[in-house]
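Given next are the chains, with one letter for each unit.
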Amino acid sequence: MRVLFDFFINIARWAWLEVDFAGDSVTWIDRRGKKRTSRLFLATLTFSQKIYICAFENEKQISWMGGIVKALEFFGGAPKTLIVDNAKSLVVTHGKDKIDYSPILQSLCNYYGISSFACRPGTPKGKNRVENSVTHTYRRVLASLRLNGPIRASNLEDLNQQIAEHRDIFNKRPFTKNLQSNRELEFNTHERQKLKNLPILPYEIGNWRYLKVDKGHCIRLGEDGGHRYSVPVIYVGMTVTVLKTEERVLIYDKETGSCIAQHKRYLEITGEKTHILPEHLTPKEKRQRLTKEQWVEELVKCGYDRETVSNVLTAKWKVDSLNARRFCFCLKLLLRECPIAIAREALQAAYEHRYLNYEYIKEWAKMRQKETLLGLTENATDLNYRTISHENIRNNYC
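These numbers were taken from a predicted model, which means no experiment stands behind them.

J.: Could you give an account of the environment of A153, with specific residues and numbers?
T.: Note on placement: A153 falls in the loop between helix 4 (128–145) and helix 5 (156–171). Looking at A153, the relative accessible area reads 5%, which means it is buried. Each C-alpha atom of the pair A153 and R31 lies 6.5 Å from the other, and the pair is 122 residues apart in sequence. A153 has contacts with W28, I29, D30, R31, D158, L159 and Q162, leaving out every residue within four places of it along the chain.

Printed below as a string of structure tokens:
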């Protein structure tokens, strides 16, 4: 019997975290004398019942995620399980056999290595600790703030600082039935060691959306100038979940919620728009995405002059590396239409006249090839040839 009792005590001490927004908003007055309302986010650990409170402008998805991230940093670790409400921002559908969580909640849980659990709809007892904390927040924290009249704060950050001071006092307040202990003490004694270490960087919060992968195994962000970001080839034609932050673009599998690609976010209007990670390149794309130095060696093997090729590609690469690679492919294809000697002369002429485009090189090569076939080149010219004199020559007045 004692073993069974200890087993249930150990289960009770597992670090589980319940989160919710309080039902009623908090009203406060800013420095301009304007009345404002904010929503209160609460997080409670199930064993010690230590609480975290933070005010937000609204109850949108970003507020939910911001509250959870701040709560984890406040407790100093990640719990085993996150118990949430059936808010639309967190749970898409709650069926009898399966619960579909929102992509952003799946991503956050995967990042911190915690599992999620949604209470059944209409059953607040499934998260009774955080419901209890809502009552304590109204009676102990907000009531203390209102002792000297309406709550006044310079801004939302100032309001959260005031809430934090009274929250810490409440967490250290002795229990009603056990005056020798409090929430802070129980947390330090039993729950702190149960929490998992947090990653070095906090979870990034941004805009989420669903996008379809195109034939080039990339997704396109039209609002960022049309930049395209790669995913593994197996996702072609499938819908993926995309998180866009200030600095990064993260792409997730819609079904599993696992991250399949991480890219730096680009905002330039001009320049290269397609960004493919090396691990996503197909064998054909690897051949197409050679570096400038590799292309120089490739074209030199074909018979082009090294110095000319190096100078031309250096100039082309500064403008647009993608178009420069296409230019290199065209130079190789040019050898199917003309001898290497003519192609080499055409490239040299283009560099000397600063017409570094393939159309000019191609037309120059065609012209030189015709001259060669007609015997009009300098080498084929007969220097002893003289025009025959006769009376019909124009301007011949002698």
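J.: Go over the confidence of the model for the chain with me, naming the residues and quoting the values.
T.: Regions with low pLDDT should not have their predicted coordinates read in detail. For the chain, mean pLDDT is 83; residues scoring 70 or higher make up 89% of the total. Below a pLDDT of 50 lies the segment residues 379–385, which in the model reaches 2 contacts outside its immediate sequence neighbourhood of four places, other chains included.

J.: Go over the packing of helix 11 (residues 340–353) against helix 12 (residues 358–374) with me, naming the residues and quoting the values.
T.: At their nearest, the axes of helix 11 and helix 12 sit 9 Å apart, and the two run at 130° to each other. Considering the angle they form, helix 11 stands oblique to helix 12. The crossing of helix 11 and helix 12 is right-handed. Contacts from I342, E345, A346, L347, A349, A350 and H353 in helix 11 reach Y360, I361, W364, A365, R368, Q369 and T372 in helix 12. The residue inventory of the contact of helix 11 with helix 12, partitioned by class, reads 9 nonpolar, 3 polar and 2 charged.

J.: Please provide a residue-by-residue account of the sheet that holds strand 13 (residues 248–253), values included.
T.: If you walk across this open sheet you meet the 4 strands as 9-12-13-14, and the pairing is antiparallel. Of all strands in the sheet, those bounded by a partner on one side alone are strand 9 (207–212) and strand 14 (259–264). Pairwise comparison of adjacent strand axes, ignoring direction, gives a mean angle of 25° for this sheet. The sheet contact formed by strand 9 and strand 12 (residues 239–244) spans 6 bridges and is antiparallel. In the strand pairing of strand 12, R209 is matched with V242.

J.: Give me the pattern of salt bridges: which residues, what numbers.
T.: Under the criterion given, the structure shown has 13 salt bridges. Across the pair E59 and R39 runs a salt bridge whose closest N-O atoms are separated by 2.7 Å. With E59 in the loop between strand 4 (51–56) and helix 2 (61–75) and R39 in strand 3 (residues 35–45), this residue pair connects regions lying 20 residues apart in the sequence. In this structure R39 comes out as buried when scored by relative accessible area, which is 16%. Residue K50 is joined to E184 by a salt bridge in which the shortest nitrogen-to-oxygen separation is 3.1 Å. In this pair, K50 sits in the loop between strand 3 and strand 4 while E184 sits in helix 6 (residues 183–191), placing the two residues 134 residues apart along the sequence. What you see here is one network of salt bridges that share partners, running through R209, E223 and K244.

So, how was this worked out
- Each chain has its residues counted from 1, running along the sequence as written.
- Reporting in this predicted model follows two pLDDT cut-offs: at least 70 for local features of residues, and 80 or more for side-chain atom pairs to be given and counted; totals over whole chains, interfaces and linings ignore these cut-offs and use all residues.
- Excluded from the side-chain calculations are hydrogens and water; all other atoms, namely the structure's heavy atoms, are used.
- For the purposes of this entry, the term helix denotes a DSSP run of H or I that reaches at least four residues, the term strand denotes a run of E that reaches at least two, and both are numbered from the N terminus.
- When a residue's accessible area, from a 1.4 Å probe over protein chains only, is under 20% of the maximum for its type it is buried; when over 50% it is exposed; and in between it is partly exposed.
- Here, two residues are considered to be in contact whenever any of their heavy atoms come within 4.5 Å of each other.
- Per residue, pLDDT captures the predictor's confidence, and it can take any value from 0 to 100.
- Fitted lines through C-alpha atoms serve as axes, helices being fitted only where they are in contact, and the angles separating the N-to-C directions of these axes extend from 0 to 180 degrees.
- For classification, angles of less than 35 degrees are called roughly parallel, those exceeding 145 degrees roughly antiparallel, those between 65 and 115 degrees roughly perpendicular, and all remaining angles oblique.
- What makes a crossing left-handed is the near helix being turned counterclockwise from the far one by less than a right angle; a clockwise turn instead makes it right-handed.
- All amino acids are sorted into three groups, where Ala, Val, Leu, Ile, Met, Phe, Trp, Tyr, Cys and Pro are nonpolar, Asp, Glu, Lys and Arg are charged, and the leftover types, Gly among them, are polar.
- Strand pairing is defined by DSSP finding a minimum of two bridges between the two strands.
- Salt-bridge detection follows one rule: a side-chain nitrogen of Lys or Arg within 4 Å of a carboxyl oxygen of Asp or Glu.

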